[in-house]
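The chain contents come next:
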Amino acid sequence: MRLLHTSDWHLGRSFHRVNTLGAQAEFIGHLVTTVRERAVDAVLVSGDVYDRAVPPLAAVELFDDALHRLADLGVPTVMISGNHDSARRLGVGAGLIGRAGIHLRTEPSAAGTPVVLADAHGDVAFYGLPYLEPALVKDEFGVEKAGHEAVLAAAMDRVRADLAARAPGTRSVVLAHAFVAGGEPSDSERDITVGGVAAVPAGVFDGVDYVALGHLHGCQTLSDRVRYSGSPLPYSFSEAAHCKSMWLVDLAADGTVDAERVDCPVPRALARIRGTLEDLLADPELTRHEEAWVEATLTDPVRPADPMARLTERFPHTLSLVFDPDRAEDDPEVSYARRLAGRSDQQIAEDFVAHVRGAGPDAHEQGVLRDAFDAVRADETVREVAR
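Every chain is numbered independently, its residues counted from 1 as its sequence is written. Per-residue local features are limited, in this predicted model, to residues with pLDDT of at least 70; the limit for side-chain atom pairs, both in listing and counting, is 80 or more; totals at the level of whole chains, interfaces and linings are taken over all residues. Hydrogens and water molecules were not included; the side-chain quantities draw on all heavy atoms of the structure.

(A) Main features of the overall build of the chain. To qualify as a helix, a DSSP run of H or I must reach at least 4 residues; to qualify as a strand, a run of E must reach at least 2; elements of each kind are numbered from the N terminus. Within the chain, the secondary structure is distributed over eleven helices and 17 strands. Taking 387 residues into account, the globule formula puts the C-alpha radius of gyration at 21 Å, and the chain, at 23 Å, falls close to it. Looking at the chain as a whole, 48% of its 387 residues are labelled buried. Intrachain contacts of the chain at a sequence separation of at least 6 include 69% that bridge at least 24 residues. Using a 1.4 Å probe, the Shrake-Rupley method yields the accessible areas, and only the shown protein chains count as cover for residues. As displayed, the chain has an accessible area near 18,000 Å², and 51% of this comes from carbon and sulfur atoms. The distance from the centre of the 38 positive side-chain charges to the centre of the 60 negative ones in the chain is 3 Å. As a reference, a globule follows 2.2 Å times the number of residues to the power 0.38, and the radius of gyration itself is taken over C-alpha atoms. Exposure classes here rest on a 1.4 Å probe applied to the protein chains alone. A residue is buried below 20% of its type maximum, exposed above 50%, and partly exposed in between. When checking whether two residues touch, look at their non-hydrogen atoms; a contact exists if any pair is within 4.5 Å. When charges are tallied, Lys and Arg are placed among the positive residues and Asp and Glu among the negative ones, while His and the ends of the chain are skipped. Positions of charges follow a simple convention, taking NZ of Lys, CZ of Arg, CG of Asp or CD of Glu.

Structure below.
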């Protein structure tokens, strides 16, 4: 059975205030063409269909168009909700839409109930695990402490129990939206850390033939059977080196996997350039970036006059301007943002405690801070879903 694995469409999202809806529509067209021309048997969409719980109308219309075009091909689609989606909104009409071969899986309680498709070699069971917010689903899965590993492990227990009751030789595919250990994040993913832990071990998914992951925006292979497709478009300059693509996966009769990357359309290249303003304006090596979307980091010791206006004369698609003067790390003039780069909210809070008190928090106080951050993030999730 040939599968096309994609995720993280983020319909409705802009790129540094640039509307990407046209590029997203081009991707949908590319997806449909790939399904038709490469004889795809099933499409897998592993969450974050939309960029926010209440998407703009234009994004909903594009999603509707995608569903109609996929249904017209007669190729089944299995789709889960991600942490950016409102599971309840995305799942409205799922039963009716399912009659057209578009199978929406947004309910955590249905984790062990697969979509079953068949080919010449027998059945393939597709299990959709939507994004499982630990604070919201721990009771559903009967786990004592809210954490990503605990709830995903409980959901996978249901998957394995259902699979064990099926006919021998039934192949299995899991769609999941999570941060799995070994994956490389970028700046454009929403933080899902709980209890100081964001990633879950890949071993949670043992026992199935293929795991189609969503959440991280770079196309990645954690093992032959566990892969991220990544987002079809870049959503931050941290993705400048990404080659956006989908996975074309051939699932053999014995459950072995052969996967091929299918590149996505590139609306415009991304470039990150760094140097003094005068160097950036004069360097002939940068000619190749003149039509790219540009993030420019200026290292001038003193902020130059009209930097954006001057940069856009050469690089008309400059979208981001960063000031980072070349200074030693211990220089008191090093920017606050640079000092905080790469540090978690927990670490910043602990540093603040040490600064005002003269000593950092003890283990109990670290736990209090961690619980507070988890409570705020969970509350924000609940309020967004309830909108």
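On we go.
(B) The arrangement of the nonpolar core in detail. Only buried residues count toward a nonpolar core. Its members are Ala, Val, Leu, Ile, Met, Phe, Trp, Tyr and Cys residues joined through side-chain atoms within 4.5 Å. Ranked by size, the top nonpolar core spans 32 residues in total, and within it L129, F141, L152, M156, V174, F205 and L213 carry the most contacts. Where this core is concerned, the elements lending two or more residues are β8 (122-129), α5 (134-141), α6 (148-164), β9 (171-177), β10 (210-214) and β12 (226-228). With seven residues, α6 is the largest single contributor of residues to this core. In this view, F205 contacts L129, L152, M156, R160, V174, A176, V180, V211 and L213; residues no more than four positions away in its chain are not counted. Within the second largest apolar cluster, 28 residues are counted, among which are L4, V45, L67 and I102.

(C) Structural view of the pattern of salt bridges. One speaks of a salt bridge when a side-chain nitrogen belonging to Lys or Arg is within 4 Å of a carboxyl oxygen belonging to Asp or Glu. According to the stated counting rule, one finds 16 salt bridges in the structure shown. Where D65 meets R69, a salt bridge forms, and the shortest distance between an N and an O atom there is 3.5 Å. Here D65 and its partner R69 are both found in helix α2 (residues 57-73), four residues apart, which amounts to about one turn of the helix. In this structure, E140 engages R158 in a salt bridge whose closest nitrogen and oxygen atoms are separated by 2.9 Å. With E140 in helix α5 and R158 in helix α6, the pair connects residues that are 18 residues apart, well separated along the chain. Via salt bridges that share partners, R274, D324 and D326 belong to a single interconnected network.

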